[in-house]
Amino acid sequence: MDRIIAIIKPFRLDAVRTALKGLPVRALTVEEVRGYGRQKGHLELYRGTEYSITFLPKLRLELICPPGDTNRVVEAIRTGARTGRIGDGKILVMEAEGG
């Protein structure tokens with residue numbers, strides 16, 4: 001089995017779930033996380049004062065799938081999560097241990 005970890009924008013979760021329908025995903029876990037990559041956060045204005053938001057809200061997905069289907073699952077996640085802007089996220093694949 002392969003373990004896939006994907007970091008995506010929160011509003012893309014439904015699109016990713018839709019893209020994964022029909023694929024042999026054995027388990028899916030979703031966590032709310034915060035972080036940044038190349039975008040390094042952003043500035044927000046609140047009551048006339050600027051605040052630097054360093055850690056942006058993201059979702060961390062963990063999936064388990066058979067090794068032969070890993071490429072199809074990764075492509076489905078990429079398709080569902082993609083907005084074409086910086087901060088779309090990352091996808092990591094590793095071998096899952098255990099039974």
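Nothing here was measured: the structure is a model prediction, and the numbers come from that model.

*Asks:* I'd love a proper account of the overall build of the protein, names of residues and values included.
*Replies:* Looking only at helices and strands, the protein features 2 helices and 6 strands. Secondary structure elements in the protein, listed N-terminal to C-terminal, are β-α-β-β-β-β-α-β. On the principal axes, the C-alpha backbone points of the protein span a range of 55 × 25 × 20 Å. Each of the 99 residues in the protein was classed as buried or not, and the buried ones make up 29%. For the protein, the exposed area adds up to about 6,900 Å²; of that, 50% sits on carbon and sulfur atoms.

*Asks:* Account for the nonpolar core, naming residues and giving values.
*Replies:* One broad trend across soluble globular proteins is that nonpolar side chains are buried collectively. In this structure, I4, I8, V16, L20, L63, V73 and I77 are the most contacted members of the largest nonpolar core, which totals 15 residues. Broken down by secondary-structure element, the contributors of at least two residues to this core are β1 (2-8), α1 (13-20), β5 (56-65) and α2 (70-81). It is α2 that provides the largest number of residues to this core, a total of 5 residues. Ignoring anything within four residues of it in the chain, the contact list for L20 reads V25, L63, V73, A76 and I77.

*Asks:* How would you summarise the side chain of D2 if you had to cite specific residues and measurements?
*Replies:* Mapped onto the secondary structure, D2 falls in strand β1. Looking at D2, its side chain comes within polar contact range of the side chain of T70, at 2.5 Å. Leaving out residues up to four positions away in the same chain, D2 has contacts with L63, I64, C65, P67, T70, V93, M94, E95 and A96.

The rules behind each value
Residues numbered from 1 in each chain as written. Predicted model: local features only at pLDDT ≥ 70, side-chain atom pairs only at ≥ 80, totals over all residues. Heavy atoms only, no water. Helix = DSSP H or I, 4+ residues; strand = E, 2+ residues; numbered from the N terminus. Buried < 20%, exposed > 50% of the residue type's maximum accessible area, 1.4 Å probe, protein only. Areas by Shrake-Rupley, 256 points an atom, 1.4 Å probe, with all protein chains shown as cover. Core = buried A, V, L, I, M, F, W, Y, C linked by side-chain atoms within 4.5 Å. Contact = heavy atoms within 4.5 Å. Polar contact = N/O pair within 3.5 Å; in protein donor to acceptor, adjacent residues only side chain to side chain.

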